[in-house]
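Here is what each chain is made of, one letter per residue.
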Amino acid sequence: DGRTAAAMAALAVPAPGQRTELRLPASELDVETVAEALRRVRRDVGLFRGMTPEDLDALANVVVALAFRRFDILFARGEPAAWLGVV
């Protein structure tokens, strides 16, 4: 859209104290869709490779899918972890 890399990087920097809000996606993902996504990550990336398909199904039952906009700040260097995300 014509913006320079510097301008886009500036968009990614929140004002002091401003955080990206964790929000649910516009349409709710069912457990089977989440389980399939986890299986694809396991197959294509190797993440979760020590987990069985049954383990992934169990994980799909407890995770929450979140939605983010492009350039949202998810975390900052040095801040304590409050959640684990797979993007």
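A. Representation of the pattern of salt bridges. Applying the stated criterion across every chain yields a total of 5 salt bridges. For Glu36, the salt bridge identified is with Arg40, shortest N-O distance 4.0 Å. Of this pair, Glu36 and Arg40 both sit in helix α2 (residues 31–45), separated by 4 residues, roughly a single helical turn. Among the residues examined, Glu36 registers a relative accessible area of 30% and is labelled partly exposed.

B. Summary view of unusual backbone geometry. Although it is not a glycine, Phe48 sits at a positive phi angle of roughly 75 degrees. For Phe48, the location among the structural elements is in the loop between α2 and α3 (53–60).

C. Highlighting the packing of α2 against α3. Taken N-terminus to C-terminus, the directions of α2 and α3 make an angle of 130 degrees; their axes are 8 Å apart at the nearest point. Put simply, α2 runs oblique to α3. Along this stretch, α2 crosses α3, giving a crossing that reads as right-handed. Contact residues: α2 offers Val31, Val34, Ala35, Leu38, Arg39 and Arg42, while α3 offers Leu56, Asp57, Leu59 and Ala60. Taken together, the residues of the contact of α2 with α3 break down into 7 nonpolar, no polar and 3 charged.

D. Local environment of the environment of Arg42. Within the element layout of this structure, Arg42 appears in helix α2. Considering only alpha carbons, one finds Arg42 and Thr52, 10 residues apart in sequence, at a separation of 9.8 Å. With sequence-adjacent residues up to four places away left out, Arg42 is seen in contact with Leu47, Phe48, Arg49, Met51 and Leu56. Polar side-chain contacts of Arg42 include one of 2.9 Å to the backbone oxygen of Met51.

E. Structural detail: the environment of Met51. As for its position among the elements, Met51 is in the loop between α2 and α3. For Met51, the contacting residues outside a window of four places in its chain are Arg42, Leu56 and Leu59.

F. Focus on α2. Between its first and last C-alpha, α2 extends 21 Å over 15 residues, near the 21 Å set by a 1.5 Å rise per residue. For α2, every residue scored as buried is listed here: Val34, Ala35 and Leu38. Along α2, the residues classed as buried sweep out an arc of 100 degrees about the axis, all on the same side. Away from the buried face of α2 by more than 90 degrees, exposed residues Arg43 and Asp44 are located. As for α2, its buried residues are in contact with α3. Sitting at the amino-terminal end of α2 is Asp30, which places a side-chain oxygen 3.1 Å from the backbone nitrogen of Glu32. Two residues or fewer past α2, Gly46 is found with a positive phi of approximately 95 degrees.

About the thresholds
- Residues numbered from 1 in each chain as written.
- Predicted model: local features only at pLDDT ≥ 70, side-chain atom pairs only at ≥ 80, totals over all residues.
- Heavy atoms only, no water.
- Salt bridge = Lys/Arg side-chain N within 4 Å of Asp/Glu carboxyl O.
- Helix = DSSP H or I, 4+ residues; strand = E, 2+ residues; numbered from the N terminus.
- Buried < 20%, exposed > 50% of the residue type's maximum accessible area, 1.4 Å probe, protein only.
- Axes fitted to C-alpha atoms, helices over the stretch in contact; angles between N-to-C directions.
- Parallel < 35°, antiparallel > 145°, perpendicular 65-115°, else oblique.
- Left-handed = near helix turned anticlockwise from the far one by under 90°.
- Contact = heavy atoms within 4.5 Å.
- Nonpolar A, V, L, I, M, F, W, Y, C, P; charged D, E, K, R; others polar.
- Polar contact = N/O pair within 3.5 Å; in protein donor to acceptor, adjacent residues only side chain to side chain.
- Expected span 1.5 Å × (residues − 1).
- Arc of directions from axis to C-beta.

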